[in-house]
Amino acid sequence: MRITAAPGTRTIHADAYLLEVRADPPRAVLADPDGRIWSHLSLLASVDVVGTADESYDVGAPTVHDAAGAPVGADPLDTRVAEVRLDCGSTAWGRRRTTLRCLPDRLELTVQVEGAGVLTDVRLLGGRAVLRNGAGGTFRSSTEHRSVFVPNPTEPVDLVRPAASAATLGVVGDASPGRLHAVFSPPPLCLVLGREPGASALDVPAGAGWLALGLVAPVADLRLTQLRYQPVDGGFLLELDHDAHTAVDGAWRSPALVLRPADDPWAALADHRADLVAAGAPAGPVAPAADWWAEPLFCGWGAQCARAPLPGEPAAHPYHLQDLGPAVVPPGLPIAPDLARQDVYDELLAHLAAHDVVPGTVVIDDKWQRAYGTGEVDPDRWPDLRAWVAGRHAAGQRVLLWWKAWDPEGLPPEECLVDAAGRPVAVDPASPAYRERVRRTVAHLLGPDGVDADGFKVDFTQRAPAGHSVRRHPGGGAGGGSTADAPWGVAALHALLGNLYRAAKATKPDALVVTHTPHPAFADVCDMVRLNDVLERDTAGAVVPLADQMRVRRSIARAALPGHLVDTDQWPMLDRAQWRDYVAAQAEGGVPALYYAERVDRSGEPLTAGDLALVAASWASYRAGLRAGSRA
């Protein structure tokens, strides 16, 4: 790389970009090698703490340093690496420095603070400041891009969205308004800025320029619950929500934000994965794949919903009050979880077998257990689950149990995280008692002297605990009441799944663990990535083809975790035609998953003999491919 100077500027000439450093306001103007600007990157940052908003003052000029750390003067200089530094006075810290490390192919932005405090929001590429010219408030980087690729399914469906649209990646969300952004939880924490807009909800413009913004650190340091892209009025910044659960006493450095040009978003995700592997993430799966993992799946959830629809779940998005379902379930009305029963699954599997649809793996879905937190089998629904599993094994099939992450139902408060009133809101992955409970429970559910099931389909990872007031129960052991030294956010979910995964492998080495966590650092806590619930409409209210949604999700999962199998999922389906298209698309790659047996839940349309023949033929072709050695 070469550094040149002009009045008021220093310019770094790298193979992949140009970077011109300017002082007022302090920024680094990032451009392509031909000079086309990507953004005036703000070098300001904020690291807020409980009780104090971090605001910069005494903001000077950024400085440029060579590989040895020496300031660069007016003479041209060749160097293998350069650093742009900005030191500011801070209302929250004794010292704060933003560093932009420049390498030939990428930039790495971090903020470092010294002092003491409990982190809340960390802002990169902008922050609050009072400049020497009197301008104050929040400063941002400029929006010269036109779109943002968001590697996480959302409702409305909007893969490459306008640059002025916000985006959130993380481990917190649900189906409530403004929260349906955790279908993957976590997804790759990597946004990709684009030169051109997407033409439709799933369109990725070809041949356009792209710039990735990926958050890179060892997974234990990813203590944020969400990464938020916050645009407004031609500017943007990134927020890392640390949720008041990370205490600093001394020095703290943020995860690195890696900015890297890319040919397309898929290459950007592959580069992001390589950066994480270099930071300590596994290079691939940590357990050898068993042949049976790739067998077609039958999950009973869709069929349960078709027999007893979820209360309040209309067939399509409701636009009028009369379209809403009941606010209260009428007494005596069974709902879908009530049908996770032995007799129901026997009926469903017998119906499928009569049409030559025989899955290799059966997933018993929500709710086979007496309580989510304990994992104790409900004998009223499964009078003899051990014998039932043995029967499936005798038929050459395997059985997975649906596992609801984070749910504390049935657990003592001492094994939980609690709210301000002391009410359990999530299991505590740092609790020794809870970790031991999981070990015992998994040993019983998968062990030869227990139920002898074959693994888990893990759901609800997006229900990660969040909230400044959430804390460990005082009776939870060392550190009880404080989460400052316990994992939080993305790191806490990894710890939670790691405990389950290790217990599963210790009990049954070929146990299969399926999650919806296509973040490269989660390669060591899952064997298969599930594409999760299908969504419905785009920003204009039009239905987005469900099979196309699956194709995009599959591409994201394979870019982030290329060595892992992909569970293609299949719920919910809007109608029989969309379901048939989905079945056909499953054959293009990934492990086919069937969720329906008798009818489609949303439309109520029955599945005919011809429909099930489509599944049988698709599975026969898929299995022939497995025998021929093609990838699932």
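Up top is the structure these notes are about.
This section reports on the structure supplied with the text. (Residues numbered from 1 in each chain as written. Predicted model: local features only at pLDDT ≥ 70, side-chain atom pairs only at ≥ 80, totals over all residues. Heavy atoms only, no water.)

## A few points about the layout of surface pockets
What counts is decided by this rule: A pocket here means an open set of points on a 1 Å grid, computed over the protein atoms alone, that has protein on both sides within 12 Å along at least five of seven lines. A cavity is instead a set of points where a 1.4 Å probe fits but cannot get out; residues with an atom within 4 Å of a point line either one. Grid points are joined across faces, edges and corners, and a volume is the space filled by probe spheres set on the points. Put simply, DSSP H or I for four residues or longer makes a helix, DSSP E for two residues or longer makes a strand, and each gets a number counted from the N terminus. Three classes are used, and their members are as follows: Ala, Val, Leu, Ile, Met, Phe, Trp, Tyr, Cys and Pro are nonpolar, Asp, Glu, Lys and Arg are charged, and the others, Gly among them, are polar.
Approximately 1,400 Å³ is the volume found for the largest pocket. Considering the residues around the largest pocket, the lining is formed by 49 residues, among which Asp174, Ala175, Leu180, Glu313 and Asp533 are closest to the centre. Looking at the lining of the largest pocket, the elements that each hand over two or more residues are strand 26 (398-404) and strand 29 (455-459). Residues that form the lining of the largest pocket fall into these classes: 23 nonpolar, 10 polar and 16 charged.

## So, the nonpolar core
Note that soluble globular proteins tend to have their nonpolar side chains buried in a common cluster. What counts is decided by this rule: In these notes, a set of buried Ala, Val, Leu, Ile, Met, Phe, Trp, Tyr and Cys residues joined through side-chain atoms within 4.5 Å is what counts as a nonpolar core. Only protein chains enter the area calculation, which uses a 1.4 Å probe; residues under 20% of their type maximum are buried, those over 50% are exposed, and those in between are partly exposed. Contact definition: two residues touch when any of their heavy atoms are within 4.5 Å.
Counting residues in hydrophobic clusters, the biggest one holds 194 residues, and the most contacted among them are Leu19, Trp388 and Phe456. Per-element accounting of this core gives the leading share, 9 residues, to helix 6 (residues 490-507). With sequence-adjacent residues up to four places away left out, Leu19 is seen in contact with Arg10, Thr11, Ile12, Ala28, Val29, Leu30, Val84, Leu100, Cys102 and Leu107.

## Focus: the packing of helix 8 (residues 576-586) against helix 9 (residues 609-628)
Keep this limit in mind: Interaxial angle, 0 to 180 degrees, is taken between N-to-C directions of lines fitted to C-alpha atoms, where a helix line uses only the stretch in contact. When an angle is under 35 degrees it counts as roughly parallel; over 145 it counts as roughly antiparallel; between 65 and 115 it counts as roughly perpendicular; any other value is oblique. For a crossing to be left-handed, the near helix must be turned anticlockwise from the far one by less than a right angle; the clockwise case is right-handed.
Running from N to C, helix 8 and helix 9 point in directions that differ by 15°, and their axes come no closer than 10 Å. Considering the angle they form, helix 8 stands roughly parallel to helix 9. The chirality of how helix 8 crosses helix 9 is left-handed. Contact residues: Arg576, Trp579, Arg580 and Val583 in helix 8; Gly610, Asp611, Leu614, Val615 and Ser618 in helix 9. For the contact of helix 8 with helix 9, the per-class residue count stands at 4 nonpolar, 2 polar and 3 charged.

## As for the environment of Ser431
Following the sequence through the fold, Ser431 ends up in the loop between strand 28 (424-427) and helix 5 (432-446). For Ser431, a relative accessible area of 0% puts it in the buried group. Residues Ser431 and Gly475 lie 44 residues apart in sequence; the distance between their C-alpha atoms is 9.8 Å.

## Section: empty space enclosed by the protein
If you roll a probe as big as a water molecule over the atoms, it shows you where there is empty space left. As enumerated under the stated definition, the model contains 5 cavities of 30 Å³ or more in all. Within this model, the largest cavity holds a volume of roughly 110 Å³. Lining the largest cavity are 13 residues, and of these Asn152, Pro153, Thr154, Val157 and Leu202 sit closest to its centre. Classifying every residue of the lining of the largest cavity by side-chain character gives 8 nonpolar, 3 polar and 2 charged. Of the voids in this model, the second largest cavity is the one considered here, and its volume is about 60 Å³. Around the second largest cavity sit Trp403, Ala405, Tyr434, Val438, Leu496, Leu497, Asn499 and Leu500, which together line it. For the lining of the second largest cavity, the elements supplying multiple residues, two or more each, are helix 5 and helix 6. When residues in the lining of the second largest cavity are grouped by element, the largest group, 4 residues, is from helix 6.

## A closer look at the side chain of Arg27
Our working definition: As used throughout, the charge tally considers Lys and Arg to be positive and Asp and Glu to be negative, leaving His and the chain termini uncounted. Any carboxyl oxygen of Asp or Glu that lies within 4 Å of a side-chain nitrogen of Lys or Arg is treated as forming a salt bridge with it. Under the rule applied, a polar contact is a pair of N or O atoms within 3.5 Å (in protein, one hydrogen donor and one hydrogen acceptor; residues adjacent in sequence only if both atoms are side-chain atoms).
When you line up the elements, Arg27 lands in strand 4 (residues 27-31). Buried Arg27, no salt bridge; nearest opposite-charge side chain is Asp24, N-O distance 6.4 Å. In this structure the side chain of Arg27 is engaged in a polar contact, spanning 3.1 Å, whose partner is the backbone oxygen of Pro25. Sequence-distant contacts of Arg27, defined by excluding residues within four places in its chain, comprise Glu20, Val21, Arg22, His40, Leu41, Ser42 and Leu43.

## Structural notes on the sheet that holds strand 30 (residues 471-472)
This is how the line gets drawn: By the convention used here, strands pair only if DSSP detects at least 2 bridges between them.
The strand order across the open sheet formed by 3 strands is 28-27-30, and the pairing between neighbours is antiparallel. Looking at strand neighbours, the two that pair on one side only are strand 28 and strand 30, the edges of this open sheet. Two strands pair when backbone bridges link them, and strand 27 (residues 416-418) and strand 30 are joined in this way by 2 bridges, in the antiparallel orientation. Paired with Leu417 across the two strands is Arg472, which belongs to strand 30.

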